[in-house]
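Observations on the model geometry
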Amino acid sequence: MSRLQVVSGKGGTGKTTVAAALALALATEGKRTLLVEVEGRQGIAQLFETEALPYEERKIAVAPGGGEVYALAIDAERALLDYLQMFYKLGGAGRALKKLGAIDFATTIAPGVRDVLLTGKACEAVRRRERDGRPVYDHVVMDAPPTGRITRFLNVNDEVAGLARIGPIHHQAQAVMGVLKSPDTAVHLVTLLEEMPVQETADGVAELRAAGLPVGRVVVNMVRPQVLDEAAVRAASGDHREAIARTLAGAGVAGAAGLVEPLLDQAAEHARRVELERDQRAVLDGIGLPAYELPYLGDGADIAGLYRLAKELRKQGVGAA
Amino acid sequence: MTEKTPGPADGGPVPPAGAGLDAVPFLDIDPVLDDRGTRIIVCCGAGGVGKTTTAAALGVRAAERGRRVVVLTIDPARRLAQSMGIDALDNTPRRVDGIKGSDGGELHAMMLDMKRTFDEIVEAHADPARARAILENPFYQSLSAGFAGTQEYMAMEKLGQLRARDEWDLIVVDTPPSRSALDFLDAPKRLGSFLDGKFIKLLMAPAKVGGRAGMKFLNVGMSMMTGTLGKLLGGQFLGDVQTFVAAMDTMFGGFRTRADATYRLLQAPGTAFLVVAAPERDALREAAYFVERLAAEGMPLAGLVLNRVHGSGAARLSAERARAAAENLDEGRIVDQGPGKTGQRGAPATSSEPSHPATAAVSPARPSASEAAPTADASEEHSSRDTGPDSTGPDTGQDSTTDPDTGPDSTGPDTDPELARLTAGLLRLHAERMRVLAREQHTRDRFTALHPEVAVTEVAALPGDVHDLAGLRAIGERLSTPRDRS
């Protein structure tokens, strides 16, 4: 498995949850993963039900089997100040720059600089080693911006190269691209079995490929169990209403006659959804990427659900040597 | 769950019971659309909750009720553009064909092209030579291609432009899929304050050397700073910025003025904000945050649009009972229909549940599901009342009288394994639906407990995506109708 796992996806598909589950799944026995977020929304802290994450790596969970998950909310401004401190020993001058609006300019307005800083921090964590030469983190999982912005976000080299043709930001961009375009990285796209997210996934994969970024897998999230197939629904409608009502009553359901119609409506809706999902699966198959499938969590994405998803991912091969 | 969890399994504080929808005011959309005083409707909310679709549906509905409407979308899915009969939306409002209604309403739709919008501003405010210099500047090109706030800023610019043209009496705006849902309120200010802030003045200082005496001090600061930034970004980068800033010089005041004007426009009584969400924890958390922020900014909130809400026409049958009945059918066990049976029907259902592997796998967190199911509880009471001499009395009465009599005869066809399997499927499907209902209600009640004053309209989930005007019309219909929660 690649060292840097980037998780993107359309808004609302659950990419933060998938990223967190992936970090848990990769933290098998004796391993350590780092889960990073780059958009300042504190989604990880909310998911793990902890205090807002500071700009520092801290242990957030113990994975099943004993691995460890660390988390970091990367803040572009702090990353830039650290960076200036590291390379230029700026000290108080950093604060002066901040006061003048220069840091704000560099991290929010200067095109691409923010993205270089964010991806740069993640790549630094990938490359960081212990004294004995072992990597500090076996895997780094990034909860990345949504599909619509992921290629531009990762393709910092192109964006920055046109502007900063020399200097440390340029070098930083080069180094970052070296990691991002290598097999050390895999970009996964989370989708639902619905038309819009699937279309966006197909578009996103095409964009990533065109930019030479390594696409990992499609993660089909919130897959609901197929309870009834179309044939069953067809069988249920029409002449069988009375028989169904009798069967319901026989199974101990009160007021069965009045329930048949709404139950059949639900079944018809279900059948239509199953059919739509099949169409969307066909579109996904056309992309030609391996997929992970994660079940819909009836009770929402809480910690218990997260561990369940991690278990599913391991069943599907995540974390296997 | 058997895994070790690092924290409590159920999330956060739970609002007091009784904060159901009955207490929540209904967001009646039609009066808002019909009020000629409503000139701008802004749809905002987290990504993936259906903001753009909501904006388009509102546009269709308003137009069919006689308004001249333009919908400004930010990044619509291709399908959505097609649903309005437009293959590709661009930066110019296009008329949408097929709008019904006799009141002379019209719908136009457009998609924000931020680079085009930025270019147009430059072209409109600078002489041709200067405009060309700006448009060719590398820094400008990156800035306008969409970085940190440009999209949000340009959305607000476009809104201001559309409003100034006065060709439409209602503008419906979608908001950008931002890092945070609030960026579109903040970005214009940020860009504005950058453009005429200290930093720009410093960058521009070399062009004005020999000016006021105070500049000398600033120049010291500047050389330190441009030195650092030059080292960091490369000298040529800073050169581009300086050229850009010098060329844009005369336009900065205008940017700031317009940003301020648009901001005030959003606070004006003719504006209505709709916070859009889905009944999920994250989306509603962002919605709550948004409601608070709008209040702090003095922006007029019309209410919350809750999309993709599930309902059931069979809500009086609880998940537990449905599942128990399905198990009865699985085991080919026909329950005796004796009249005393109804009273304790719930008991075997709950006790048999944990031992059933399938059920346990589907619902790992039973306790929270049942706690969080006020509808299920209520409907359970309701359904047990039904078995008395009530509305559905005749049905059950008939069953319970015929069954014991005809016993083997009537259960004969009922035990048809195919039919039993099918009916069990219907019941499982229903149990799952009820569980979703309970969770959605629980999530929504949290929001309601925090913001009981916010009017809400719920839009029932559709099985598929919207493909045409009829689909948008159907959503408009759902938006403006109180949902039947029976």
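Quantities reported herein were computed from a predicted structural model and do not represent experimental measurements.

1. Let's talk about the domain arrangement of chain A
Residue and element names in this part refer to chain A.
- Each assigned domain of chain A is listed here: domain 1 (4-224 + 296-315) and domain 2 (226-287).
- Between domain 1 and domain 2, the C-alpha centre-to-centre distance is 42 Å.
- At the interface, 13 residues of domain 1 touch eight residues of domain 2.
- Counting each side, the surface lost to burial between domain 1 and domain 2 is near 1000 Å², with a carbon and sulfur contribution of 64%.
- Broken down residue by residue, the surface that domain 1 buries against domain 2 is led by Leu193, Val198 and Arg224, which jointly contribute 60%.
- Across the domain 1-domain 2 interface, the total number found is zero salt bridges.
- Summed over the shared surface of domain 1 and domain 2, the result is two residue pairs in polar contact (both at pLDDT 80 or more).
- Among the secondary structure elements, those contributing two or more residues to the side of domain 1 that touches domain 2 are helix H10 (195-210) and strand E7 (215-223).

2. A look at the nonpolar core
- Grouped together as the largest cluster of nonpolar side chains are 155 residues, with contacts concentrated most on A:Leu154, B:Leu107, B:Leu304 and B:Leu472.
- Leave out the neighbours within four places in its chain, and A:Leu154 touches A:Val6, A:Thr119, A:Met177, A:Leu180, A:Val187, A:Leu208 and A:Leu213.
- Of all hydrophobic cores here, the second largest spans 36 residues; its members include A:Leu26, A:Phe48, A:Leu53 and A:Ala63.

3. Concerning the state of the cysteines
All names here are of chain B.
- Within the structure shown, the criterion is met by zero disulfides over all chains.
- Free cysteine: Cys43, not disulfide-bonded; nearest cysteine sulfur from Cys44 at 7.6 Å.
- Assessed through its relative accessible area of 0%, Cys44 is described here as buried.

4. Here we look at the sheet that holds strand E1 (residues 4-9) of chain A
Residue and element names in this part refer to chain A.
- The mixed open sheet is built from eight strands, whose spatial order is E3-E4-E2-E5-E1-E6-E7-E8. Looking at strand neighbours, the two that pair on one side only are strand E3 (58-62) and strand E8 (291-295), the edges of this open sheet. Here the strands of the sheet are splayed against their neighbours by 25° on average, with no regard to which way each runs.
- As judged from the five bridges shared by strand E2 (residues 32-37) and strand E5 (residues 139-143), these two strands associate in the parallel manner. Within E5, the residue paired with Leu34 across the bridge is Val140.
- The strands touched by helix H6 (residues 113-127) within the sheet are E1, E2, strand E4 (68-73) and E5, with E5 carrying the most contacts at an inclination of about 160°.

5. Digging into the sheet that holds strand E2 (residues 68-73) of chain B
All names here are of chain B.
- With mixed pairing, eight strands are arranged side by side in an open sheet as E3-E4-E2-E5-E1-E6-E7-E8. Edge positions in the sheet fall to strand E3 (94-95) and strand E8 (456-460), since each of these pairs with one other strand and no more.
- Alignment of E2 against strand E4 (residues 106-111), held across six bridges, turns out to be parallel. Residue pairing across strands places Val70 opposite His108, the latter belonging to E4.
- On top of the sheet, helix H2 (residues 51-64) reaches strand E1 (40-44), E2, E4, strand E5 (170-174), strand E6 (271-277) and strand E7 (301-309); it is set at about 170° to E2, its chief contact.

6. Examining the environment of B:Val122
Residue and element names in this part refer to chain B.
- Checked against the element boundaries, Val122 lands in helix H4 (residues 114-125).
- Residue Val122 is classed as buried on the basis of its relative accessible area, which comes to 0%.
- For the pair formed by Val122 and Ala56, sequence separation is 66 residues and the distance between their alpha carbons is 30 Å.
- Excluding anything up to four places from it in sequence, Val122 contacts Ala131, Ile134, Leu135, Tyr140, Met248 and Met251.

7. Quick word on helix H9 (residues 168-180) of chain A
- In this model H9(A) runs 18 Å from its N-terminal to its C-terminal C-alpha over 13 residues, within 8% of the 18 Å that 1.5 Å per residue would give.
- Three or more residues of H9(A) are buried, namely A:Pro168, A:Ile169, A:His170, A:Gln172, A:Ala173, A:Val176, A:Met177, A:Val179 and A:Leu180.

8. Notes on the pairing of E5(B)
Residue and element names in this part refer to chain B.
- Here E5 lies mainly inside the structure; five of its five residues are buried.
- Burial along E5 is two-sided: Leu170, Val172 and Asp174 and Ile171 and Val173, pointing in opposite directions, are all buried.
- Pairing geometry for E1 and E5, over four bridges, is parallel. Note that in E5 the partner of Val42 across the bridge is Val173.

Thresholds, definitions, all that
Residues numbered from 1 in each chain as written. Chains lettered and ligands numbered in written order. Predicted model: local features only at pLDDT ≥ 70, side-chain atom pairs only at ≥ 80, totals over all residues. Heavy atoms only, no water. Domains from an automatic or database assignment. Contact = heavy atoms within 4.5 Å. Buried area = accessible area lost by both parts, 1.4 Å probe. Salt bridge = Lys/Arg side-chain N within 4 Å of Asp/Glu carboxyl O. Polar contact = N/O pair within 3.5 Å; in protein donor to acceptor, adjacent residues only side chain to side chain. Helix = DSSP H or I, 4+ residues; strand = E, 2+ residues; numbered from the N terminus. Core = buried A, V, L, I, M, F, W, Y, C linked by side-chain atoms within 4.5 Å. Buried < 20%, exposed > 50% of the residue type's maximum accessible area, 1.4 Å probe, protein only. Disulfide = S-S within 2.5 Å. Pairing = 2+ DSSP bridges. Axes fitted to C-alpha atoms, helices over the stretch in contact; angles between N-to-C directions. Expected span 1.5 Å × (residues − 1).

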